[in-house]
Amino acid sequence: MVNRFTTLYRHIIEEERKFPEATGQLSDLLYDIALACKVISLEVNRAGLIDILGLTGEENVQGEAVKKLDVYANEILTHMMRIGGHACAVCSEEDENFIPMEDKFSHHGVLNKYIVHFDPLDGSSNIDANISIGTIFSIYRRVSKDGAATLEDCLQKGIKQVAAGYVVYGSSTIMVYTAGKGVHGFTLDPSVGEFLLSHENMQIPKKSKTYSINEGNYSKWSDGIRNYIEYVKQNDKETSRPYSSRYVGSLVADFHRNLLYGGIFIYPADDKNRNGKLRLMYEANPLSMIVEQAGGRSTNGSNRILDIQPTNLHQRTPLFIGSDEDVRLAEKFLAGEKI
Ligand code: P6P
């Protein structure tokens, strides 16, 4: 039987056709991001060989300075956004301020109209242990009419995202994205350099048997969090307890597994991280758009992440994200409700 395969490019174009008013700019922008991530995946997959091939020190085989991978990933993505001619500003985890993009590469004189937030290589501290890491991105339409992008363009609520996604660099490189009509996953075929549709219309199970949290922070948690984690560890067949604990320590890896099989990922506020550790704009918002499109839920323990009005590009937020019923139950424990 011949299996019809769909490339990422064909899928993006088919998604674009669902929006009659689409100009094709968003499609091009998504494709530019995918291209940048293919380049990043090449370097991520080579990273382990840097020492073995004697490439340590200042230069690699091309005679280029060997950079930290997250700096490298940031430069590739920022450059691709600049020459792609669709972004009027990029906001990166690696840069303190947003970077305005000049219009000189814009198409047919059409103003660049998108704002792109990204964490270029989340979890990069895990790369030496060969643990999966990822790129996370979030796309908004500018609100200012023309001229250079403004900070207000960059500080919009997550509900205003037009698209969001991530690429997980693991045993294979997988890109997952949504443009508001479902969540779709693509696996990179390195032999042809194409992302091929492998997970169409992803839906996260409503209830799971997996929880992801760094239990080393137990002493810093609130009573509500402690009570919830104690609850999921209790033995009760009817409610599929005890849950399994799965925590990679790499957000994209933990999120991707939970999206596929169900699960709740929690990074709560604690005595050390009063607002949690994870960032609203380039971690929580994009993953929250994805999880809601996949039928899941994402809050800061009480309020919907996508409704939070940002005040700072790098602000942090507590994050409870994953299977709908599990997130709702965790919220009840946080509110001190009796279960
Ligand atoms: P902790 C990686 O550094 C990261 O930003 C996320 O990818 C991950 O989920 C989290 O931090 C892990 O934090 O405090 O548990 O090591």
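Not measured: the values here are computed from a predicted model.

**Q** Mind laying out the domain arrangement of the chain, listing which residues take part and the relevant values?
**A** Domain boundaries assigned for the chain yield domain 1 (3–199) and domain 2 (210–334). For domain 1 versus domain 2, the separation of C-alpha centres amounts to 25 Å. Of the residues lining the interface, 45 residues belong to domain 1; the matching set on domain 2 comes to 30 residues. Together domain 1 and domain 2 conceal approximately 2700 Å² of surface at their shared face, both sides included; 67% is due to carbon and sulfur atoms. The tally of links between domain 1 and domain 2 comes to zero salt bridges. For the interface between domain 1 and domain 2, the tally reads twelve residue pairs in polar contact (both at pLDDT 80 or more). Here the side of domain 1 that touches domain 2 is built from residues that sort into 22 nonpolar, 16 polar and seven charged.

**Q** Requested: an account of the pattern of salt bridges, with residues and values cited.
**A** Within the structure shown, the criterion is met by eleven salt bridges. A salt bridge links Lys18 to Glu15, with the nearest nitrogen and oxygen atoms 2.6 Å apart. With relative accessibility at 6%, the residue Glu15 sits in the buried group. Between Arg328 and Asp324 there is a salt bridge whose closest N-O contact spans 2.9 Å.

**Q** Lay out the nonpolar core with the relevant residues and their values.
**A** Ranked by internal contacts, the top residues of the largest apolar core, which has 39 residues, are Ile33, Met81, Val116, Ile139 and Tyr177. Per-element tally for this core: the top contributor is helix 2 (residues 25–46), with nine residues. Excluding residues within four positions of it along the chain, Met81 makes contact with Leu29, Asp32, Ile33, Ala87, Val90, Met101, Val116 and Phe118. Judged by nonpolar contacts, the second largest core, of 37 residues, contains Val252, Tyr267, Leu280 and Leu313.

Procedures and definitions
- Residues numbered from 1 in each chain as written.
- Predicted model: local features only at pLDDT ≥ 70, side-chain atom pairs only at ≥ 80, totals over all residues.
- Heavy atoms only, no water.
- Domains from an automatic or database assignment.
- Contact = heavy atoms within 4.5 Å.
- Buried area = accessible area lost by both parts, 1.4 Å probe.
- Salt bridge = Lys/Arg side-chain N within 4 Å of Asp/Glu carboxyl O.
- Polar contact = N/O pair within 3.5 Å; in protein donor to acceptor, adjacent residues only side chain to side chain.
- Nonpolar A, V, L, I, M, F, W, Y, C, P; charged D, E, K, R; others polar.
- Buried < 20%, exposed > 50% of the residue type's maximum accessible area, 1.4 Å probe, protein only.
- Core = buried A, V, L, I, M, F, W, Y, C linked by side-chain atoms within 4.5 Å.
- Helix = DSSP H or I, 4+ residues; strand = E, 2+ residues; numbered from the N terminus.

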